[in-house]
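What follows is each chain in one-letter form.
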Amino acid sequence: MGKDGHMTVFIVVGMPASGKNIARIYSESKGLPYFSTGDLVRKEVSRRGLTPDASNTAMVSTELRGDDGMGVTRHVLTSALETPGDIVFMEGMRSWPEIELVRGRIPCVVIAFLAPKATRLARIVSRGRPDDSALAFEERDRREIEYGAAEAIALADEYILNTGTMEDALQSIESIVKAHAGTLADHNRR
């Protein structure tokens, strides 16, 4: 946690391929910690020696989320709270109760990335990650919505309509961080 004991967590939400990874690119460019539940799930798929396809990833994700759906979030929150620094990014919370769990421990700002369905599908086809599939796109969207993603997106504090260039989106996230974390956004440039 930051030197003064204050930390701001930026929680990144959005449907698959809405551009959430831009928050990771931004945080890495600023040297800010980034915690993703997806990374945790992919690591576990690998640890178990499973093929990292859409069905194995979904199975492990559902299992790690646990009965209350918050298992992965608890793990990521613990890691974030142990991190030195004033600003931390977390990604992968899909339901409002997960966000409330984080908010109950630490101040946070929810940033939702938005992009039209056709744009998101085109991105999934072009990025070709092993856990992505054009065929599983509709199913994955439905699963995200069942997890509670629509509510998290609807109740977000800030929005980035991610239909322009990557530079546009990076500029938007920079503005949001500066507005909410004030001078803390520059703490790593010193």
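Residues numbered from 1 in each chain as written. Predicted model: local features only at pLDDT ≥ 70, side-chain atom pairs only at ≥ 80, totals over all residues. Heavy atoms only, no water.

Draft legend 1. Summary view of the pattern of salt bridges. Summed over all chains, the structure comprises 14 salt bridges. The shortest N-O distance in the salt bridge between K30 and E174 comes to 3.5 Å. Here K30, found in the loop between α1 (21-29) and β2 (34-36), pairs with E174, found in helix α9 (residues 166-181); they are 144 residues apart in sequence, far enough to count as distant. No difference in accessibility class separates K30 from E174, as the two residues are buried. Salt-bridge contacts for R103 lead to D157; the nearest nitrogen and oxygen are separated by 2.9 Å. Highlighted residues: R103 in helix α5 (residues 96-103) and D157 in the loop between α8 (149-154) and β5 (158-161), separated in sequence by 54 residues. Assessed through its relative accessible area of 29%, R103 is described here as partly exposed. D157 gets classed as partly exposed once you look at its relative accessible area, which sits at 38%. One continuous salt-bridge network, built from bridges that share partners, spans E44, R47, R48 and E63. (Salt bridge = Lys/Arg side-chain N within 4 Å of Asp/Glu carboxyl O. Helix = DSSP H or I, 4+ residues; strand = E, 2+ residues; numbered from the N terminus. Buried < 20%, exposed > 50% of the residue type's maximum accessible area, 1.4 Å probe, protein only.)

Draft legend 2. Inspection of empty space enclosed by the protein at higher detail. Counting across every chain of the model gives 1 cavity of 30 Å³ or more. Within this model, the largest cavity holds a volume of roughly 60 Å³. Every residue lining the largest cavity is listed: V12, V13, G14, K20, G92, M93, R94, E144, A149, A152 and I153. When residues of the lining of the largest cavity are traced back to their parent elements, those giving at least two are β1 (8-14) and α8. Partitioning the lining of the largest cavity into residue classes produces 6 nonpolar, 2 polar and 3 charged. (1 Å grid on protein atoms, 1.4 Å probe; cavity = no way out; pocket = protein on both sides within 12 Å on 5 of 7 lines; lining within 4 Å. Points joined across faces, edges and corners; volume = space filled by probe spheres on them. Nonpolar A, V, L, I, M, F, W, Y, C, P; charged D, E, K, R; others polar.)

Draft legend 3. Quick look at helix α3 (residues 54-65). In a regular helix each residue adds 1.5 Å, so 12 residues correspond to 16 Å; α3 covers 16 Å between its end C-alpha atoms and thus fits that length. Among all positions in α3, only N56, T57, A58, V60, S61 and R65 are buried. Next to the buried residues of α3 lie α2 (37-47), α4 (71-81), α5 and α7 (137-147). (Expected span 1.5 Å × (residues − 1). Contact = heavy atoms within 4.5 Å.)

Draft legend 4. Focus on the packing of aromatic side chains. For the coordinates displayed, the defined rule picks out 3 aromatic pairs. Between F10 and F89 the ring centres are 5.5 Å apart and the planes differ by 25°, which places this aromatic pair in the stacked class. Of this pair, F10 sits in strand β1 while F89 sits in strand β3 (residues 87-91); the two residues are 79 residues apart in sequence, bridging distant segments of the chain. Pair check on accessibility: F10 and F89 agree, each one buried. Between Y26 and F89, the aromatic rings sit 6.0 Å apart at their centres with planes inclined by 70°, giving edge-to-face as the arrangement. A residue pair is termed long-range when its members are at least 10 positions apart, and Y26 in helix α1 and F89 in strand β3 qualify at 63 residues. Judged by relative accessible area, which is 3%, Y26 ranks as buried. Positioned above the aromatic ring of Y147 is the side chain of R65, whose terminal nitrogen or guanidinium carbon lies 3.9 Å from the ring centre. (Phe/Tyr/Trp six-rings, centres within 6.5 Å; stacked < 30°, edge-to-face > 60°. Lys NZ or Arg CZ within 6 Å of the ring centre and 35° of its normal.)

Draft legend 5. Just the side chain of E144, in detail. Mapped onto the elements, E144 comes out in helix α7. Beyond its immediate sequence surroundings of up to four residues, E144 is in contact with M15, P16, R94 and A149.

Draft legend 6. Main features of the packing of helix α6 (residues 117-127) against α7. The geometry of α6 relative to α7 is characterised by a closest axis approach of 11 Å and an angle of 120° between their N-to-C directions. It follows from the interaxial angle that α6 and α7 lie oblique. Note that α6 runs across α7; the crossing there is right-handed. Note on element contacts: α7 touches α6 through F137, E138, R140 and D141, opposite K117, R120, L121, I124 and R127. A class-by-class count of the residues in the contact of α6 with α7 yields 3 nonpolar, no polar and 6 charged. (Axes fitted to C-alpha atoms, helices over the stretch in contact; angles between N-to-C directions. Parallel < 35°, antiparallel > 145°, perpendicular 65-115°, else oblique. Left-handed = near helix turned anticlockwise from the far one by under 90°.)

Geometric values such as these leave the question of function open.
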